[in-house]
Amino acid sequence: MTDRIVSWHSNPSKPLYTPPPGAIDAHCHVFGPMAQFPFSAKAKYLPEDAGPDMLFALRDQLGFERNVIVQASCHGTDNSATLDAIAKSNGKARGVAVVDPAINETELAALHEGGIRGIRFNFLKRLVDDAPKDKFLEVAQRLPKGWHVVIYFEADILEELRPFMDAIPVPLVIDHMGRPDVRQGPDGPDMKAFRAFLNSRDDIWFKATCPDRLDAIKEGGAGDPWNAFADAVAPLVADYPDRVLWGTDWPHPNMDTEIPDDGHLVDMIPRIAPTVELQHKMLVTNPTKLYWYDE
Ligand code: 0GY
């Protein structure tokens, strides 16, 4: 394994945009601390510690009230670090786990008790060694009531994954809109295919996240201020206002260059959701339905 990497901005700016009361950062992670929660032997990157204290300080600085902590691939299927962060949040965080598909009902119930409300299936070959669809489907059929499945994939395998995703009997949440090429614009083939997928059932949600990944200079984009991302994503948010979530993606797993300023990420919100009503849905109503439905 290579050296540990710092993937987050050391001094993010205070955003100009103020999120509404109750705003939820619905996609973020914690790393370690490694001494307490070692990384998986299969981890594809080895980050520096970015634990709950740092996450909650950033939450407050950015003007958010709650977090949804998504288990990052570097922790494999051991959700201890995610659960620890949720436990330390005073009820202000919930989470998404990554599980061994052979997990039993008692273990699933314990995750629910710890604040988990969904599981994540990651199909990015650079992050995971295998993604067994048959096993994923089997566990998706016996999740605790109210849970959903988060899926992370890239646009080029959307069609290949359709039969698998169509068979999942709980709501789907798609990370980073399935990573479309935003340079194609709002009507490009990737966005068109993603819209067709959204239209195939009414319980697919998406995260309008990661301009820093989708509009990165190293990916052929223009980088911050991520104009291509704003142009491509704003129409999607406008057309599916009840299915969109937003998050920082802090501490930005595996970013070694072009590390985003989290304040600038927050300032993307009014550019993709220009009205107060859209912002409230994206930041409060929608994530509350998925993660705090028991309130
Ligand atoms: C993200 C994106 C990435 C990483 C992970 O679990 C992870 O390691 O999700 C990525 O490298 O694209 O959503 O954090």
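Residues numbered from 1 in each chain as written. Predicted model: local features only at pLDDT ≥ 70, side-chain atom pairs only at ≥ 80, totals over all residues. Heavy atoms only, no water.

Asker: Break down the nonpolar core for me, citing the residues and quoting the values.
Answerer: Within the largest apolar cluster, 84 residues are counted, with the highest numbers of intra-cluster contacts made by Phe121, Val149, Ile151, Met165, Ile174 and Phe206. By residue number, the principal contributor to this core is helix α8 (residues 227-239), which donates six residues. With 12 residues, the next largest nonpolar core counts Ile24, Val68, Trp205 and Trp292 among its residues. (Core = buried A, V, L, I, M, F, W, Y, C linked by side-chain atoms within 4.5 Å. Buried < 20%, exposed > 50% of the residue type's maximum accessible area, 1.4 Å probe, protein only. Helix = DSSP H or I, 4+ residues; strand = E, 2+ residues; numbered from the N terminus.)

Asker: I'd love a proper account of unusual backbone geometry, names of residues and values included.
Answerer: With an omega of 20°, the peptide bond running from Asp224 to Pro225 counts as cis. Within the secondary structure, Pro225 sits in the loop between α7 (211-214) and α8. Between Trp250 and Pro251 the backbone carries a cis peptide bond, its omega angle lying at -5°. Within the secondary structure, Pro251 sits in the loop between β8 (244-245) and α9 (262-266). Of note, Asn90 is a non-glycine position whose phi angle comes to about 55°, a positive value. By the secondary structure assignment, Asn90 is in the loop between α2 (80-87) and β3 (93-97). Residue Asn90 is classed as exposed on the basis of its relative accessible area, which comes to 73%. With phi around 70°, Asn254 is a residue other than glycine that occupies positive phi space. Tracing the sequence through the fold places Asn254 in the loop between β8 and α9.

Asker: Mind laying out the side chain of Arg201, listing which residues take part and the relevant values?
Answerer: Along the chain, the position of Arg201 falls in the loop between α6 (189-199) and β7 (204-207). According to the relative accessible area criterion, Arg201 is buried, its value standing at 15%. In this structure the side chain of Arg201 is engaged in a polar contact, spanning 3.0 Å, whose partner is the backbone oxygen of Ile168. Here the side chain of Arg201 touches Val170 through a polar contact of 3.0 Å, landing on its backbone oxygen. Setting aside residues up to four positions removed in sequence, Arg201 forms contacts with Met165, Asp166, Ile168, Val170, Pro171, Leu172 and Arg243. (Polar contact = N/O pair within 3.5 Å; in protein donor to acceptor, adjacent residues only side chain to side chain. Contact = heavy atoms within 4.5 Å.)

Asker: Describe the packing of α6 against α8, with residues and values.
Answerer: Where α6 contacts α8, the axes come no closer than 12 Å and their chain directions differ by 15°. Viewed along their axes, α6 and α8 adopt a mutual orientation that is roughly parallel. Crossing angle aside, the handedness with which α6 passes α8 is right-handed. Contacts between α6 and α8 involve Met191, Phe194, Arg195 and Leu198 from the first element and Ala232, Val233, Pro235, Leu236 and Asp239 from the second. (Axes fitted to C-alpha atoms, helices over the stretch in contact; angles between N-to-C directions. Parallel < 35°, antiparallel > 145°, perpendicular 65-115°, else oblique. Left-handed = near helix turned anticlockwise from the far one by under 90°.)

Asker: Can you lay out the pairing of β7 for me, pointing to particular residues and giving the numbers?
Answerer: Here β7 shows no split at all, with Ile204 and Phe206 on one side and Trp205 and Lys207 on the other all buried. When strand β6 (residues 172-174) meets β7, the two strands line up parallel, connected through three bridges. Note that in β7 the partner of Ile174 across the bridge is Phe206. Sheet analysis places β7 next to β8, joined by two bridges and oriented parallel. Paired with Phe206 across the bridge in β8 is Val244. (Pairing = 2+ DSSP bridges.)

Asker: I'd like to hear about the side chain of Gln279, residue by residue, with values.
Answerer: As for its placement among the helices and strands, Gln279 is situated in helix α11 (residues 276-291). Gln279 has contacts with Tyr17, Ile269, Pro270, Ala273, Pro274 and Val284, leaving out every residue within four places of it along the chain.

Asker: With reference to specific residues and values, describe the site of the ligand.
Answerer: Around the ligand sit 14 residues, and of these Tyr45, Ser73, Arg126, Tyr152 and His176 come closest. Here an oxygen atom of the ligand and a side-chain polar atom of Arg120 are 2.8 Å apart. Arg179 is positioned with one of its side-chain polar atoms (N or O) 3.5 Å from an oxygen atom of the ligand. Considering the ligand on its own, with 340 Å² of exposed area, one finds that the protein chains cover 100% of that surface. Among the residues making up the shell around the ligand, the classes are represented as five nonpolar, four polar and five charged. (Near = heavy atom within 4 Å. Areas by Shrake-Rupley, 256 points an atom, 1.4 Å probe, with all protein chains shown as cover. Nonpolar A, V, L, I, M, F, W, Y, C, P; charged D, E, K, R; others polar.)

Asker: So what's going on with the sheet that holds β3? Which residues, and what values?
Answerer: A sheet is described by the order of its strands in space; here eight strands give the open sequence β1-β2-β3-β4-β5-β6-β7-β8, paired in parallel fashion. Two strands close off the open sheet at either side, each with one partner strand: β1 (24-28) and β8. Sheet topology places strand β5 (residues 148-152) next to β6; three bridges connect them, and they run parallel. By the bridge assignment, Val149 is partnered in β6 with Leu172.

Asker: So what about the packing of aromatic side chains? Which residues, and what values?
Answerer: All chains considered together, the criterion is met by 10 aromatic pairs. Ring centres of Phe121 and Phe136 lie 4.0 Å apart, and the angle between their planes is 5°; on these two criteria the pair is classed as stacked. Highlighted residues: Phe121 in strand β4 (residues 116-122) and Phe136 in helix α4 (residues 133-140), separated in sequence by 15 residues. Just as Phe121 is buried, Phe136 falls in that class too. (Phe/Tyr/Trp six-rings, centres within 6.5 Å; stacked < 30°, edge-to-face > 60°.)

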